[in-house]
Amino acid sequence: MTTVSQHGAGLVSYEASRVWFLFSHPLVLAGLVTVANGLKPVVVDDTAYLLYAQHIAVCPRDPYGFTIFWYTWPQPAFEVLAPPVYLYWLAGGWWLFGDHVALLKVWTWPWLVLLAYSLRGLLRQVASAAAGWMLPLLLFSPAVLPAVNLMLDIPAYALGSAALCLWGGLVQRSLPLAQTIVRTVLVGLLLGLAAQTKYSLLTFFPVLLLWGVLQRRWGITVAAVVTASAVFWAWEAYCLWQYGASHFWYHVQAQRQHGSFLDQLWAKLELVGPLCGYWGCLGAAIAWLTVWRLGIPSPVVRCLVGMWLGGMALVGLLPERYLVLPDGSSLVALFWQGAGVVALITAATAVLLQAVLLQSTPGGNAPTSVGKHAVFLLLWWLIELAGYFLLTPFGAARRLIGLTLVSHLAVGRLYDRIVPESMAAGSGVPRHAPPGWLVAASMSVGITVATIDVLDAYPEKWCVEQAARVLRSWLNDQPETVWFAGHWGFQHYAQRQGWQPLVPQESRVCPGQFVVLPVHPDADHFYRPHVGSRPIVLPAGGYETLAEIVWDDPLAAQTIPNYYGGMLPLIGRNHPRLRVLVAQMRTDWQP
């Protein structure tokens, strides 16, 4: 006899609510995420991909045939890591709308629709009872919602999730031969395109292979993997013909670690810190849902959630300098990495438990064997964890999107399982759907990080616009060269003004010309906007300061650049969000 009353009671409250039903629909969720994305200006790597889109819109057969200034010096576009699929989509948007960022953000809506429907399909396959409440948690998680912009990650995972969703439906049932062939080819096509959108999606190749092998569908598994590989390498063959090298292999070689085996091993071990730091945020909801499912008493769970939310508020509201211990260690890092260790252990527990918890048979006498879905999720989780270390050049929240997705699926499956009545005895009855407050708390993490990220994206746009106003008042509509330094969103908005980038050892600034430079707090840390590997400092006494533009606000929390690259997802800044100097040169200057 199995215990289902808690299961039913938990699900009715979600399914009976028309508001929740509408909110959790994939089209509605995709629309809400698109609106949130539309509020955010160009940020971090968006600028590079917009430069590719602008070029491809004019020269679609030669996507890397131009020079891009993205690091320290201008270089061939082939040398910047940018797989082609989403670049062509973005180029279509540029051809239609031009440099209208809000419309280009709307242009990403189909990718979010594809992601939402694909994740719902995967949930229905491996955790059907949890699909109704888990999908919003996924779309509003801190791994997805803040990561939606004009970058490659979300489109890549949309294609990869679609491939796995179709694949799961294909390998678990018998279809007519013609349908099987068509769907197998479609799965291979989607997977190949996903890998050519973001190379991180190469982890989905072994994931798909393992799912097919577990279902003993040998023939179509080989066909799907071969098709995906053919799509992937067809583009590389085109690059070899057009540019004399494979784009993928060029960047594998460029990012290869040099030195002895121990040096390379140590370099990979250094990624453990970012893994724990980011997972302290991305894995929080996974941890809460897991301990609730295991029957931990409600007051204890509420205490854990409250402590985490309080810690997040503390590290976000206070400048980091107030959270430094006498020995120099940061309480911010200790909080995120400590929470990350706990959340990683909890996520691993969720993945293992859904694989080893005994499932009751209809007669209730003997347990069934471990389900294939459970083994599949366990292996997928391990593949994503290994892929993080193998494919990650530096820590970033987006490197853990795949691990976050499969962890949510595993937790959803925990809620989907029917367990023997003996396990439900006592006060800690396993519950098959979390209460509304826990779902709301889980979604609040991603919404909070995304809100801060939107706010944090505005200073680069605003400071450029304010600098342009200052320059217009000085120039009186007379043409004059304006130089700038700084990449990411700053570069996009500066080039929109017609300003020229400062190139170290190449640009020559004449007396009377103007320079707009970000002023970083010091030269020892990684600040926004990135100016390359060589500092650009105005010569003492060689310029006149026209204005200093500062964006500051009471909220200390920042996500740029740390969410996109570093160790921690959210920190309290010790300085203004951005300070920009507008100067006129008195002497010749070469940076």
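Look up: the structure comes first, before these words.
Within the secondary structure, arginine 528 is located in the loop between β5 (514-518) and β6 (543-551). Judged by its relative accessible area of 5%, arginine 528 falls in the buried class. In this structure the side chain of arginine 528 is engaged in a polar contact, spanning 2.7 Å, whose partner is the backbone oxygen of aspartate 456. With residues near it in sequence (within four places) discarded, arginine 528 still touches Asp456, Ala457, Pro459, Glu460, Trp488, His520, Ile560, Pro561, Arg577 and Leu578.

The next point concerns the pattern of salt bridges. Per the stated rule, a full pass over the model turns up 12 salt bridges. Linking lysine 461 and glutamate 465 is a salt bridge whose minimum nitrogen-to-oxygen distance equals 2.8 Å. With lysine 461 and glutamate 465 both in helix α21 (residues 436-475), this residue pair falls four residues apart, about one helical turn. What makes lysine 461 partly exposed here is its relative accessible area of 22%. The exposure class assigned to glutamate 465 is partly exposed, which follows from its relative accessible area of 28%. Linked by salt bridges that have partners in common, Asp456, Glu460, Arg528, Asp552, Asp553, Arg573 and Arg577 make up one network.

If you walk across this open sheet you meet the five strands as β4-β3-β5-β9-β6, and the pairing is mixed. Every interior strand has two partners, whereas the edge strands, β4 (500-501) and β6, have only one. Examined bridge by bridge, strand β3 (residues 482-484) and β4 share two bridges and lie parallel to one another. Counterpart to tryptophan 483 in the pairing with β4 is glutamine 500. Lying over the sheet, α21 contacts β3, β5, β6 and β9 (578-585), oriented at roughly 145° with respect to β6. Helix α22 (residues 488-496) rests against β3, β5 and β9 of the sheet, and its axis sits at about 170° to β3.

This part covers unusual backbone geometry. At the junction of arginine 528 and proline 529, the peptide bond is cis and its omega measures out at -20° in the coordinates. Of note, proline 529 is situated in the loop between β5 and β6. Residue proline 561 is reached from isoleucine 560 by a cis peptide bond, and omega for that bond is 5°. As for its placement among the helices and strands, proline 561 is situated in the loop between β7 (557-558) and β8 (571-572). Even without glycine at this site, tryptophan 488 takes up a positive phi of about 60°. For tryptophan 488, the position within the fold is in helix α22. Classification of tryptophan 488 as buried rests on a relative accessible area of 8%.

With respect to the secondary-structure elements, threonine 34 resides in helix α3 (residues 26-38). Exposure remark for threonine 34: the relative accessible area of 9% places this residue in the buried category. A distance of 2.7 Å separates a polar side-chain atom of threonine 34 from the backbone oxygen of alanine 30. Threonine 34 has contacts with Lys105, Val106, Trp109 and Leu112, leaving out every residue within four places of it along the chain.

Across a regular strand the side chains alternate sides, sitting on one face of the sheet and then on the other. In terms of residue burial, β9 counts as a mostly covered element, since seven of its eight residues are buried. Bridge analysis of β5 against β9 gives five bridges, and the strand direction is antiparallel. Pairing of valine 515 across the sheet is with alanine 583, part of β9. Across eight bridges, β6 lies against β9 in antiparallel orientation. Directly across from tryptophan 551, in β9, lies its bridge partner leucine 578.

A separate point is the packing of helix α11 (residues 204-214) against helix α12 (residues 218-243). Taken N-terminus to C-terminus, the directions of α11 and α12 make an angle of 165°; their axes are 8 Å apart at the nearest point. Judged on the interaxial angle alone, α12 and α11 are roughly antiparallel. When you trace α11 past α12, the crossing you get is right-handed. Contacts between α11 and α12 involve Phe205, Leu208, Leu209, Gly212 and Val213 from the former and Trp218, Thr221, Ala224, Val225, Ala228 and Ser229 from the latter.

Take the state of the cysteines next. All told, the structure shown has zero disulfides when counted by the stated rule. Just so you know, cysteine 303 is unpaired, no disulfide at all, and the nearest cysteine sulfur is the one on cysteine 281, 20 Å from it.

In this structure, Leu139, Trp336, Trp380 and Trp499 are the most contacted members of the largest nonpolar core, which totals 175 residues. Tallying contributions element by element places α21 first for this core, with 16 residues. Setting aside residues no more than four positions away along its own chain, tryptophan 499 makes contact with Val464, Ala467, Ala468, Leu471, Val482, Phe484, Ala494 and Val516. Grouped together as the second largest cluster of nonpolar side chains are 13 residues, Val509, Leu517, Leu538 and Ala583 included.

Definitions and cut-offs
- Residues numbered from 1 in each chain as written.
- Predicted model: local features only at pLDDT ≥ 70, side-chain atom pairs only at ≥ 80, totals over all residues.
- Heavy atoms only, no water.
- Helix = DSSP H or I, 4+ residues; strand = E, 2+ residues; numbered from the N terminus.
- Buried < 20%, exposed > 50% of the residue type's maximum accessible area, 1.4 Å probe, protein only.
- Polar contact = N/O pair within 3.5 Å; in protein donor to acceptor, adjacent residues only side chain to side chain.
- Contact = heavy atoms within 4.5 Å.
- Salt bridge = Lys/Arg side-chain N within 4 Å of Asp/Glu carboxyl O.
- Pairing = 2+ DSSP bridges.
- Axes fitted to C-alpha atoms, helices over the stretch in contact; angles between N-to-C directions.
- Parallel < 35°, antiparallel > 145°, perpendicular 65-115°, else oblique.
- Left-handed = near helix turned anticlockwise from the far one by under 90°.
- Disulfide = S-S within 2.5 Å.
- Core = buried A, V, L, I, M, F, W, Y, C linked by side-chain atoms within 4.5 Å.

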